[in-house]
Amino acid sequence: MESDNGDSAAQDSLPERLKPFLPQCNTYLIEKFSELPSYRTAENFNVTQFELKAYVNVDNKEEVHKWFAAFKSWSKTTMAQTRGFNVKGNRVIYRELYHCIHSNEVKKKQGNRETKRPQSARARNVNCAASLHLRIERKRLPYGHSDGHSPSSALYAHEDSLHLNASDEQELMEILADRAKNPDYDYVAKIFQQYRESALGSRNSKPMFERLKQIVEDYDDSGQGRAVLQEYNASSGSVFILCIVTNLMSRVHEKIRQSEEICYMDASAAFDPLNTSITLLYSSCAVGALPLGVLFTSDELEITLEKALNLLKTILPSHAFYGRGAEVGPIVFLTDDSSAERNSLELCWPQGIRLLCTFHVLQAFWRWLHDSKHHIKKEDRAPIMEKMKKILYSTSGPEMDVHYNEFKQKFYGYNLLRKHFELLWNRRQFWARTRLPMRGNNTNNYIERSFGMLKDIIFARTQAFDSVQIFHFITMSMERFYARRLLGIAHKHPGHLRIARRFLCPGWEKVDANLIQKTNIDFEFIASSASNSGIFYIVNTEIGACTCPVGISGGPCKHQGAVAMKFHISTLNFIPSLTPNDRMVYGYIALGQLAENSSFYASLRAGPGFSPQDQETILSDYSDNFFNDETTEWRELNEENERNERNKETNNAEFNAFLKRIKEDYQNCGSQLQTALNKFAERYDAAKSKSIPRLCSFLYDLNRDLDPTVYIKSGSMIRVQVESIKRRKSGSSSGGKRKIAANISEGKENMDPGKKEHNFKHAHR
């Protein structure tokens, strides 16, 4: 529906006051919304009053009537027609006025009819002033489909929708030829320019900052998050700074343990013509990278970043960084080798440990080695790089010193290398990883990939018009993107489980579960090494850590996975072990509200991720909320689970006997069988390393043609043309060839003229 004026900003979400009145199945663009004082009825009830001017995504009379019927049903109101208009001309194609049945308009239409009891509760006329004006105009809204599009891409998307919605080719030709429905590029570009001027201001200067200031104030008042703005002022030397912490980011601070341990920071530009720099602060978990805060700055100088981080601290929640607070910050910051970023972090969060991304350290060192002006021999470059990696990835100080001394003895003959590496060694506190809660993350890849998704998906490879549009992209598109991602994990959506393989608990079956023991300390277990049974590691499931080289920094390891799978314990490092309560937390981070109970996220079958207590809770929730008196289904399900357990024990006994026979055959049946079984073991491991389904396919197809219980037939013959068979020589007279041809024509293709002798001198040419 069209209004009289389209020069206004579009709002993508309805205010809370309007949600009970407007049908939620439509899209609304609000031009004007004013709240009026509430009306108090005789029964002392408050009635909300407001004035609203908005656009609805309908474009014909039939759709208007459908929306109007939905509006009356949704708002529980009855509206009568006040006036209908005889529409003339091409601009307005539909217009009607409606009033509430409790308004004075009803009295006017009744004429001089007297009301015997005007104060009666049944009296319809209570002077209600509610009215509704419906109007469709033949014009294009300047902001209907502009967000995230350029004029050309918006026009292409519109034409594509017309093409898909056309019922046949004749209708498609008529629609595409009608400029009222399919405008040309010049018209779209013109209204697109009008939209940007009205909704986004100018590209720069005062109008843009005035618009941005108003949007930031509205955003703070909306309750969707917090933002703080410092306007650019050349005379006073104030640079442009805008800091944002959305509600989703605040909930990441609240619920994700890793937000107190590690924070990635990086900056990028070229998002708009002004080259505004966007700095992201992220943390990571099993779901992937999650945002903690966003900074917009006009440059990337140290003094600018320091001011931006201090402003960010003013809008961070009280539970920032998992309760450590905005003033303390996380334990570790991981950045590139940017002095501006690192110095600003040291000034704002002096207690944080600032580490360098190992990828950038190794990349810079590799470039230095391969620079010809440093005169490093080609045959020495690879050994130097290998020794540098051993120093970098040392797990303890003594181990690092050993590798460093070996490096000096072998390669310090190069004077330039000695000087360069001494500079790196003096900064080793910035790239050494010794017992820090890194969760196995040594690079800035999470935030690098996040910038890729920001440009490819959220910005749709489109350069923003100005900082106002960047603000919209971050607070709306980016918020929805991460909400859907979190909900995908919470709902176990298969399309969202394509995450890092280490979070899917690989290799846990290699750990001997029979040797895992629980200690006297809560949440601690002892697990044996998969490669050396004499070595044992301590696993703490509460903090998600292990004393093995992989899990010592909190990274996911197979020992944690084995403990989680054996004892059915949830651990934050593995997606398969998450309980319904854990996945409910991800749903809360995404939407800001919890499900009524954890049974919403529960599976109908108890899996390895549920503890016995969780199973009892889920069973209780389901029986109370879903099945009611249908306890028979649960009894049958439990009986089926018991039968499955008994069958599993029987199958295990049979399989153990089978393995025992194979072991005896391997020892007693000679070297030929031993070689074959060794080859089988290699192929088994190779198939398993790819995936379990691949291993299953390998085992099903194994030697199926050598099954002694199956009748062995000869392989299929090579197919040839019939005429080639006719031309074959039979070894007899021409009458024999005619006989073969006659048999073929009669369908006797299987007639065998006889096998020829396997002798070269008797073979026919």
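Quick note: structure is the one above.
These numbers come from a predicted model, not from an experiment.

**Digging into helix H9 (residues 339-348)**
- Residues Ala340, Glu341, Arg342, Ser344, Leu345 and Cys348 constitute the buried set of H9.
- Its buried side turned inward, H9 meets strand E8 (262-268), helix H8 (302-315), strand E11 (332-335) and strand E12 (353-356).

**A word on unusual backbone geometry**
- Positive phi values are uncommon outside glycine, yet Phe321 reaches one of about 55°.
- Tracing the backbone shows Phe321 in the loop between H8 and E11.
- One non-glycine residue, Tyr322, lies in the positive phi region at around 60°.
- Its location among the elements puts Tyr322 in the loop between H8 and E11.
- Tyr322 gets classed as partly exposed once you look at its relative accessible area, which sits at 31%.

**Focus on the side chain of Ser259**
- Note on placement: Ser259 falls in the loop between helix H7 (247-255) and E8.
- Overall, the relative accessible area of 0% leaves Ser259 in the buried class.
- Polar contacts involving the side chain of Ser259 include one to the main-chain carbonyl oxygen of Ile256, which spans 2.7 Å.
- Polar side-chain contacts of Ser259 include one of 3.5 Å to the backbone nitrogen of Tyr322.
- Sequence-distant contacts of Ser259, defined by excluding residues within four places in its chain, comprise Val252, His253, Ser283, Leu292, Phe321, Tyr322 and Pro330.

**A short note on the sheet that holds E12**
- Strand order in the open sheet made by the 7 strands is E6-E7-E10-E9-E8-E11-E12, with mixed pairing throughout. Looking at which strands have only one partner, the edges of the open sheet turn out to be strand E6 (225-230) and E12. Here the strands of the sheet are splayed against their neighbours by 25° on average, with no regard to which way each runs.
- One ladder, built from 9 bridges, connects strand E9 (residues 277-285) with strand E10 (residues 288-297); its direction is antiparallel. Considered in E10, the bridge of Ser283 is made with Leu290.
- On top of the sheet, H8 reaches E6, strand E7 (241-246), E8, E9 and E10; it is set at about 35° to E7, its chief contact.

**What to know about the packing of helix H10 (residues 358-369) against helix H13 (residues 415-426)**
- Between H10 and H13, whose axes approach to 12 Å, the crossing angle comes to 170°. With respect to H13, the element H10 is oriented roughly antiparallel. Residues Phe365, Trp368 and Leu369 of H10 pack against Leu416, Leu417, His420, Phe421 and Leu424 of H13.
- When its residues are assigned to classes, the contact of H10 with H13 shows 7 nonpolar, 1 polar and no charged.

**What to know about the pattern of salt bridges**
- Per the stated rule, a full pass over the model turns up 9 salt bridges.
- Between Arg427 and Asp337 there is a salt bridge, with the nearest N and O atoms lying 3.1 Å from each other. You can see Arg427 sitting in the loop between H13 and helix H14 (445-458) and its partner Asp337 sitting in the loop between E11 and H9, a full 90 residues away along the chain.
- Residue classification places Arg427 among the partly exposed residues on the basis of a relative accessible area of 29%.
- Put simply, Asp456 and Arg461 hold a salt bridge, and the shortest N to O gap is 2.7 Å.
- On the basis of relative accessible area, Asp456 is assigned to the partly exposed category, the value being 40%.
- On the basis of relative accessibility, which here comes to 62%, the residue Arg461 falls in the exposed class.

**Examining the sheet that holds strand E13 (residues 517-518)**
- Spatial strand order, E13-E14-E15-E16: 4 strands in an open sheet with antiparallel pairing. Taken across any chain shown, the strands that pair with only one partner, and hence form the sheet edges, are E13 and strand E16 (545-546).
- Direction of pairing for strand E14 (residues 524-528) relative to strand E15 (residues 536-540): antiparallel, over a ladder of 5 bridges. Residue pairing across strands places Phe525 opposite Val539, the latter belonging to E15.

**Quick notes on a nonpolar patch on the surface**
- There is a patch of nonpolar side chains on the surface, built from Phe655, Phe658 and Leu659 and spanning about 280 Å² of accessible area.
- The topology assignment puts Leu659 in helix H19 (residues 631-668).
- You can call Leu659 partly exposed: its relative accessible area is 40%.

**A word on the nonpolar core**
- Counting residues in hydrophobic clusters, the biggest one holds 90 residues, and the most contacted among them are Phe296, Phe471 and Tyr586.
- When neighbours within four sequence positions are excluded, Tyr586 is seen to be in contact with Ile256, Cys285, Val287, Leu486, Ile489, Ala490 and Leu578.
- Val361, Phe365, Ile384 and Met385 belong to the second-largest nonpolar core, a separate cluster that totals 25 residues.

The rules behind these values
Residues numbered from 1 in each chain as written. Predicted model: local features only at pLDDT ≥ 70, side-chain atom pairs only at ≥ 80, totals over all residues. Heavy atoms only, no water. Buried < 20%, exposed > 50% of the residue type's maximum accessible area, 1.4 Å probe, protein only. Helix = DSSP H or I, 4+ residues; strand = E, 2+ residues; numbered from the N terminus. Contact = heavy atoms within 4.5 Å. Polar contact = N/O pair within 3.5 Å; in protein donor to acceptor, adjacent residues only side chain to side chain. Pairing = 2+ DSSP bridges. Axes fitted to C-alpha atoms, helices over the stretch in contact; angles between N-to-C directions. Parallel < 35°, antiparallel > 145°, perpendicular 65-115°, else oblique. Nonpolar A, V, L, I, M, F, W, Y, C, P; charged D, E, K, R; others polar. Salt bridge = Lys/Arg side-chain N within 4 Å of Asp/Glu carboxyl O. Patch = residues over 30% accessible without salt bridge, like charges linked within 9 Å, V, L, I, M, F, W, Y side chains within 5 Å. Areas by Shrake-Rupley, 256 points an atom, 1.4 Å probe, with all protein chains shown as cover. Core = buried A, V, L, I, M, F, W, Y, C linked by side-chain atoms within 4.5 Å.

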